[in-house]
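Residues per chain, in single letters:
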Amino acid sequence: MNKRFFVLLMLCICTLVVMGQDVINRQKKHNTTPTTLNKTKPTPKQGNNKTFTVGDVSFTMVYVEGGTFTMGGRIEQNGEANNDEKPTHSVTLSSYYIGETEVTQGLWQAVMGSNPSSFTGDSCLPVENVSWEDCQTFISRLNSLTGQQFKLPTEAQWEYAARGGSRSYGYKYSGSNDLDSVAWYYHNSSNKTHPVKTKQPNELGLYDMSGNVWEWCQDWYGDNSNSSQTNPVGPSSGSSRVYRGGSWSSGAMRCRSSYRSSRTPSRRLDILGLRLAL
């Protein structure tokens, strides 16, 4: 009798232990935060990047794997998209390289022998106060010195890279939904530019694609396409050239990855610089 009672008791204990563990496991599963909500930025791949040197100044071009993305004022813009960011449309791009940072004053000085910037004192500050036409002269001389074919990025290349390319998490700004972590802009810049690579990079390892200085693109400014495109280069003519990204003087809205602006190609401003593509 005692032996039978002991066996029954042990069976009941085992059953309760199994049931309890099952409850604990289900509770853990219920309380686990989905990985899509607890995002950790991937480590940018460095193997395919290229580094160039002019004089004693080195700069890195980051490899951007081609792909297809939706360009324009998407849902992550939270209703802030302007009319010229619409309609959204599918764009397919071939692989390319884009500057890890804006062109610095050190690199501009090494190529051009002068520095047009309004904010000086550190060679790692982004060059500014340069027109689209000035950028073409700079790029032509850089190509002669390096034997490469650098250019300004197309607007589509710029936006794809700003969004993180094929590694994108769909952030509102380039690299984060927290603008302060990735950008120098109106609320934190103290009304001046800052050395490059002093904020967090985006998913591709690119710095300052939101804030610090606006960046000229190759394209003439025009309406967003209403159909799918492959390697678009913008309108064939126009009166103003596109620039993107926001600057040290911009409010948060203008630092969004889909925000568009433009100026005449001869315009120089202390909020406006460039980033190279290859």
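Scroll up to find the structure.
To keep things clear, this report deals only with the structure shown in the data block. Numbers given for residues are sequential positions, taken from 1 along each chain in its written order. Per-residue local features are limited, in this predicted model, to residues with pLDDT of at least 70; the limit for side-chain atom pairs, both in listing and counting, is 80 or more; totals at the level of whole chains, interfaces and linings are taken over all residues. Heavy atoms from the whole structure form the basis of all side-chain values; hydrogens and water molecules are not counted.

## Notes on the overall build of the protein chain
As a reminder, the rule being used: Here a helix means four or more residues in a row that DSSP labels H or I, a strand means two or more in a row labelled E, and each is numbered from the N terminus. Partly exposed describes any residue whose relative accessible area lies between the buried limit of under 20% and the exposed limit of over 50%, with all areas from a 1.4 Å probe on protein chains only and scaled to the type maximum. Note on contacts: a residue pair is in contact if any heavy atoms of the two residues lie within 4.5 Å.
Check the secondary structure of the protein chain and you find 5 helices and 10 strands. Sorting the 278 residues of the protein chain into buried and exposed places 49% on the buried side. Intrachain contacts of the protein chain at a sequence separation of at least 6 include 73% that bridge at least 24 residues.

## Quick word on the environment of Ala110
Relative to the assigned elements, Ala110 resides in helix α2 (residues 105-112). For Ala110, a relative accessible area of 33% corresponds to the partly exposed category. C-alpha separation for the pair Ala110 and Leu142, spaced 32 residues apart in sequence, amounts to 9.3 Å. Sequence-distant contacts of Ala110, that is, excluding residues within four places in its chain, are made with Val54 and Val57.

## What to know about the sheet that holds strand β3 (residues 67-71)
How we decide: A strand pair is defined by DSSP finding two or more bridges across the two strands. Note on geometry: axes are C-alpha line fits, over the in-contact stretch for helices, and angles between N-to-C directions span 0 to 180 degrees.
Taken together, 3 strands build an open sheet; the order of strands is β3-β4-β7 and the sheet is mixed. Of all the strands in the sheet, just β3 and β7 (229-230) have a single pairing partner and so form its edges. Sheet topology places β3 next to strand β4 (residues 89-93); 5 bridges connect them, and they run antiparallel. The residue bridging Met71 from the neighbouring strand is His89, located in β4. The strands that helix α4 (residues 155-162) touches are β3 and β4; relative to β3, the one it contacts most, it runs at about 95°.

## Side note on the pattern of salt bridges
Test applied: Between Lys or Arg on one side and Asp or Glu on the other, a salt bridge is scored when a side-chain nitrogen of the former is within 4 Å of a carboxyl oxygen of the latter.
Within this structure, the stated rule accounts for 12 salt bridges. Note that Arg163 is salt-bridged to Glu159, the shortest N-O span being 3.0 Å. Across the pair, Glu159 and Arg163 agree in class, each one buried. Between Glu215 and Arg275 there is a salt bridge; the shortest N-O distance is 2.8 Å.

## Some thoughts on the nonpolar core
Formally: We define a nonpolar core as any set of buried Ala, Val, Leu, Ile, Met, Phe, Trp, Tyr and Cys residues linked to one another through side-chain atoms lying within 4.5 Å.
Of all hydrophobic cores here, the largest spans 31 residues; its most connected members are Phe59, Leu107, Phe138, Leu274 and Leu276. Taken together, the elements giving at least two residues each to this core come down to β1 (50-54), β2 (57-64), α2, α3 (132-146), β6 (214-220) and β10 (272-274). Here this core takes 5 residues from α3, the largest share from any one element. In this structure Phe59 touches Lys50, Thr51, Phe52, Val54, Leu107, Leu142, Phe150 and Leu276, once residues within four positions along its chain are discounted. Grouped together as the second largest cluster of nonpolar side chains are 18 residues, Ile98, Ala156, Leu204 and Val242 included.

## What about α3?
Operational definition: By this rule, a helix spans an expected 1.5 Å times one less than how many residues it contains.
In a regular helix each residue adds 1.5 Å, so 15 residues correspond to 21 Å; α3 covers 21 Å between its end C-alpha atoms and thus fits that length. Taken together, the buried residues of α3 touch β1, β2, α2, β6, β8 (241-244) and β10. Taken from the residues just after α3, Gly147 is the one with a positive phi, measuring 70°.

## Some details on the packing of aromatic side chains
For any pair of aromatic rings, geometry is given as the distance between the ring centres together with the angle between the planes. Selection criterion: Classification of ring pairs uses Phe, Tyr and Trp, with its six-membered ring standing for Trp, and accepts pairs whose centres are within 6.5 Å; under 30 degrees between planes counts as stacked, over 60 as edge-to-face, and the remaining range as tilted.
For the coordinates displayed, the defined rule picks out 11 aromatic pairs. Summarising the aromatic geometry, the rings of Phe52 and Phe150 are spaced 5.2 Å apart at their centres and angled 80° between planes, so their arrangement reads as edge-to-face. Taken together, the residues span a long stretch of sequence, with Phe52 in strand β1 and Phe150 in the loop between α3 and α4 at a distance of 98 residues. The same class applies to Phe52 and to Phe150, which are both buried. The interplanar angle of 40° and the centroid separation of 5.0 Å between the aromatic rings of Phe69 and Tyr160 together place this pair among those described as tilted.

## Points about the sheet that holds strand β9 (residues 261-263)
Ordered in space as β9-β8-β6-β10, the 4 strands form an open sheet in which the pairing is mixed. Among the strands making up the open sheet, the edge pair consists of β9 and β10. Here the average twist between neighbouring strands, direction ignored, is 50°. Relative to β9, β8 runs antiparallel, the two being bridged by 3 bridges. By the bridge assignment, Tyr243 is partnered in β9 with Ser261.

## Considering unusual backbone geometry
In this structure, the amide linkage connecting Lys86 to the following residue, Pro87, adopts the cis form with an omega of -5°. When you line up the elements, Pro87 lands in the loop between β3 and β4. In this structure, Lys197 is a non-glycine residue whose phi angle is positive, near 65°. Note that Lys197 resides in the loop between α5 (179-182) and β6.

## Overview of α4
A large share of α4 lies buried, amounting to 8 of its 8 residues. Along its buried surface, α4 packs onto β2, β3, β4, β5 (96-99), β6 and β8. Positive phi appears at Gly164, one or two residues downstream of α4, with a value of about 100°.

Interpretation in functional terms is not warranted from these geometric data alone.
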